[in-house]
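Residues per chain, in single letters:
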Amino acid sequence: QVQLVESGGGSVQSGGSLRLSCAASGYTYSSYCMGWFRQAPGKEREGVASINTNGGFTYYADSVKGRFTISRDNAKNTVYLQMNSLKPEDTAMYYCAAIRPEPGWWLMYQRLLKYWGQGTQVTVSS
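Residues numbered from 1 in each chain as written. Predicted model: local features only at pLDDT ≥ 70, side-chain atom pairs only at ≥ 80, totals over all residues. Heavy atoms only, no water.

Some thoughts on unusual backbone geometry
Note: most peptide bonds trans; most residues except glycine with negative phi.
And step 1. At Asn77, a residue that is not glycine, the phi angle is positive and equals roughly 50 degrees.
And step 2. Residue placement: Asn77 occurs in the loop between strand S7 (68–73) and strand S8 (78–83). (Helix = DSSP H or I, 4+ residues; strand = E, 2+ residues; numbered from the N terminus.)

Structure representation (structure tokens):
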């Protein structure tokens, strides 16, 4: 069956770094764009970053631009999110998702999201 398994979350001080990983299985990973999302308690889910099927195009939310980097390794069926200069407002549960490669995929529209992981918690203390 389809599985997306996130890892790499944890607790870090403000200004620190974390690298999240999302290992995919059970579907043709290289045929889907991938995205990272986050949701903090009491807040709406936010699309953080997305990447196309071959890794040649990436998109970032303004809130993380310049600090986060999304990448993928199609040989390992894994997508990564390198998070630098972390801030307390980055605290959230982070999820990866497979995105159908249709127009507007980089904006991570709900209707294009195909598979989800279970999430990994990131906590940034000041």
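And the narrative resumes.
Some thoughts on the environment of Val79
And step 1. Relative to the helices and strands, Val79 resides in strand S8.
And step 2. Distance from Val79 to Ala24, taken between C-alpha atoms, is 8.2 Å for residues 55 residues apart in sequence.
And step 3. With residues up to four places along the chain from it excluded, the contact list for Val79 reads Leu20, Ser21, Cys22, Tyr29, Met34, Trp36, Ile51, Ile70, Ser71, Arg72 and Cys96. (Contact = heavy atoms within 4.5 Å.)

Focus on the side chain of Glu6
And step 1. Here Glu6 is to be found in strand S1 (residues 3–7).
And step 2. Of the buried charged residues, Glu6 lacks a salt bridge, with Arg45 as the closest side chain of opposite charge at 11 Å.
And step 3. A distance of 2.8 Å separates a polar atom in the side chain of Glu6 from the backbone nitrogen of Cys96.
And step 4. Of note is the side chain of Glu6, whose polar atom sits 2.9 Å from the backbone nitrogen of Gly119.
And step 5. Discounting residues that sit within four places of it in the chain, Glu6 has contacts with Ser21, Cys22, Trp36, Tyr94, Tyr95, Cys96, Gly117, Gln118, Gly119 and Thr120. (Buried < 20%, exposed > 50% of the residue type's maximum accessible area, 1.4 Å probe, protein only. Lys, Arg positive; Asp, Glu negative; His and termini not counted. Salt bridge = Lys/Arg side-chain N within 4 Å of Asp/Glu carboxyl O. Polar contact = N/O pair within 3.5 Å; in protein donor to acceptor, adjacent residues only side chain to side chain.)

Remember, this is a structural readout, not a statement about activity or role.
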